Amino acid sequence: MSDVPPLDWLADHQALDDDELDRQITGEIARAELRTLRLPWVTADPVPYVDSPYVCFRASAAMSDHLPPPLVAQLLDDEESSVRTTMALHARDQIDPDTAERIDRTHRPDKRVRWRPADDFPLPTDVLRRLATDPDPRMRQLAPRDPDLPVELARRLAADPDHMVRRTIATHPRLPTEDLTRLLADPSESVAATAAANPNLPTTGMHQLLALAGL
């Protein structure tokens, strides 16, 4: 089953009569429940359900701490993000850096949440530094988790075209003063506010903030 259920019928909802629209909505609700439902009795006896066509059965099986390694590997490579993530959280001792990166890179939560797999599976320094130049801005956001990030990479991220990347690096202790001060005037208010909260902001930067506030 795909990560995002098809909702094309909503575009033509005006062409549906009330009964058909109600059936369509009920069907979508049922599909959503089948994605999020977790079944303890499946977790207790997971092996028969690892190949289920339904996400809720595979995710429930992935909650087991007693699956044999081949089935763990299968669920870590499941087509559904929630199944992969659930399996990783229940097989922590089998998650190497490559697997951790892959699961985070392909993480597609059903709801908007701040948590991401890298929060539970920290990536090694060499991986974080490599990700500083990754094509995916979401992955570049991980680079500042390296407390010893080279200055040249920190400066590069401070000039990143993606505002979320700039906001993440704005808190980094190794970001040079001139780059940090420049972020105070960032087009994104959230980036500027984050830079303003950096304890390494020099006195001149603080004066700049006070002047902008009219104080």
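Predicted, not measured: the structure shown is a model, and the values here were computed from it.

Criteria and thresholds
Residues numbered from 1 in each chain as written. Predicted model: local features only at pLDDT ≥ 70, side-chain atom pairs only at ≥ 80, totals over all residues. Heavy atoms only, no water. Helix = DSSP H or I, 4+ residues; strand = E, 2+ residues; numbered from the N terminus. Buried < 20%, exposed > 50% of the residue type's maximum accessible area, 1.4 Å probe, protein only. Contact = heavy atoms within 4.5 Å. Areas by Shrake-Rupley, 256 points an atom, 1.4 Å probe, with all protein chains shown as cover. 1 Å grid on protein atoms, 1.4 Å probe; cavity = no way out; pocket = protein on both sides within 12 Å on 5 of 7 lines; lining within 4 Å. Points joined across faces, edges and corners; volume = space filled by probe spheres on them. Nonpolar A, V, L, I, M, F, W, Y, C, P; charged D, E, K, R; others polar. Core = buried A, V, L, I, M, F, W, Y, C linked by side-chain atoms within 4.5 Å. Phe/Tyr/Trp six-rings, centres within 6.5 Å; stacked < 30°, edge-to-face > 60°. Axes fitted to C-alpha atoms, helices over the stretch in contact; angles between N-to-C directions. Parallel < 35°, antiparallel > 145°, perpendicular 65-115°, else oblique. Salt bridge = Lys/Arg side-chain N within 4 Å of Asp/Glu carboxyl O.

Q: So what's going on with the overall build of the protein? Residues and values would help.
A: Within the protein one finds 14 helices and zero strands. Put simply, the protein runs from its N terminus to its C terminus through helices and strands in the order α-α-α-α-α-α-α-α-α-α-α-α-α-α. Buried positions account for 40% of the 215 residues belonging to the protein. Contacts spanning at least 24 positions in sequence make up 40% of the contacts within the protein whose residues lie at least 6 apart. In the structure as shown, the protein presents an accessible area of about 12,400 Å², 56% of it carried by carbon and sulfur atoms.

Q: Account for the layout of surface pockets, naming residues and giving values.
A: Computed from the structure, the largest pocket encloses a volume of approximately 610 Å³. If you go around the largest pocket, you meet 17 residues; those closest to its centre are Val113, Arg114, Arg116, Gln141 and Met164. At three residues, the largest contribution of residues to the lining of the largest pocket is made by helix 11 (residues 163-169). Of the residues contributing to the lining of the largest pocket, the split by class is five nonpolar, three polar and nine charged. Space inside the second largest pocket adds up to approximately 320 Å³.

Q: An account of the environment of Arg130 is needed here, citing residue identities and associated values.
A: Residue position: Arg130 is located in helix 8 (residues 125-131). With ten residues separating them in the primary sequence, Arg130 and Arg140 have C-alpha atoms 8.8 Å apart.

Q: Tell me about the nonpolar core, and name the residues and values.
A: Judged by nonpolar contacts, the single largest core of 29 residues is most densely connected at Leu67, Leu75, Leu76, Met87, Leu123 and Leu142. Beyond its immediate stretch of four places on either side in the chain, Leu75 contacts Val50, Arg58, Ala61, Ala62, Leu67, Val83, Arg84 and Met87. Membership of the second largest hydrophobic core comes to 17 residues, among which are Ala143, Ala158, Leu180 and Leu201.

Q: Break down the packing of aromatic side chains for me, with residues and values.
A: Two measures describe an aromatic ring pair: the distance that separates the ring centres and the angle between the ring planes. If you walk through the whole model with that rule in mind, you get four aromatic pairs. An angle of 85 degrees between the planes, with centres 5.8 Å apart, marks the rings of Trp41 and Tyr49 as edge-to-face. Between Trp41 and Phe57, the ring centres sit 5.9 Å apart and the planes meet at 75 degrees, which makes this aromatic pair edge-to-face. Placement of Trp41 in helix 2 (residues 40-44) and of Phe57 in helix 3 (residues 55-62) is noted, with a sequence separation of 16 residues between them. Taken together, the ring pairs connect Trp41, Tyr49, Tyr54 and Phe57 into an aromatic cluster.

Q: An account of the packing of helix 4 (residues 69-76) against helix 5 (residues 81-89) is needed here, citing residue identities and associated values.
A: Pairs of packed helices are described in terms of their axes, by the angle between the two and the distance that separates them. Relative orientation of the contacting elements helix 4 and helix 5 amounts to 140 degrees, with a least axis distance of 7 Å. Relative to helix 5, the element helix 4 is oriented oblique. For the pair helix 4 and helix 5, contact is made by Val72, Leu75 and Leu76 and by Val83, Arg84, Met87 and Ala88, respectively. A class-by-class count of the residues in the contact of helix 4 with helix 5 yields six nonpolar, no polar and one charged.

Q: Any details on the environment of Pro202? Residues and values, ideally.
A: For Pro202, the location among the structural elements is in the loop between helix 13 (189-196) and helix 14 (203-212). Pro202 sits in the buried class, given a relative accessible area of 19%. For the pair Pro202 and Leu180, spaced 22 residues apart in sequence, the C-alpha to C-alpha distance is 9.1 Å. With sequence-adjacent residues up to four places away left out, Pro202 is seen in contact with Thr177 and Thr181.

Q: Give a description of the pattern of salt bridges that names residues and reports values.
A: Per the counting criterion, the structure on display carries 17 salt bridges. As a salt-bridge pair, Glu101 and Arg105 come within 2.9 Å of each other at their nearest N and O atoms. With Glu101 and Arg105 both in helix 6 (residues 97-105) and four residues apart, the pair spans about one turn of that helix. Since its relative accessible area comes to 9%, Glu101 is described here as buried. Connected through salt bridges with shared partners, the residues Glu101, Arg105, Arg130 and Asp134 form a single ionic network.

Q: So what about the environment of Pro124? Which residues, and what values?
A: Residue placement: Pro124 occurs in the loop between helix 7 (117-120) and helix 8. Here the alpha-carbon distance between Pro124 and Asp146, two residues 22 residues apart in the chain, equals 8.4 Å.

Q: Got a sec to walk through helix 3? Specific residues and values, please.
A: By the criterion of burial, helix 3 is predominantly enclosed, with eight of the eight residues buried. Of the residues making up helix 3, those classed as buried are Val55, Cys56, Phe57, Arg58, Ala59, Ser60, Ala61 and Ala62.

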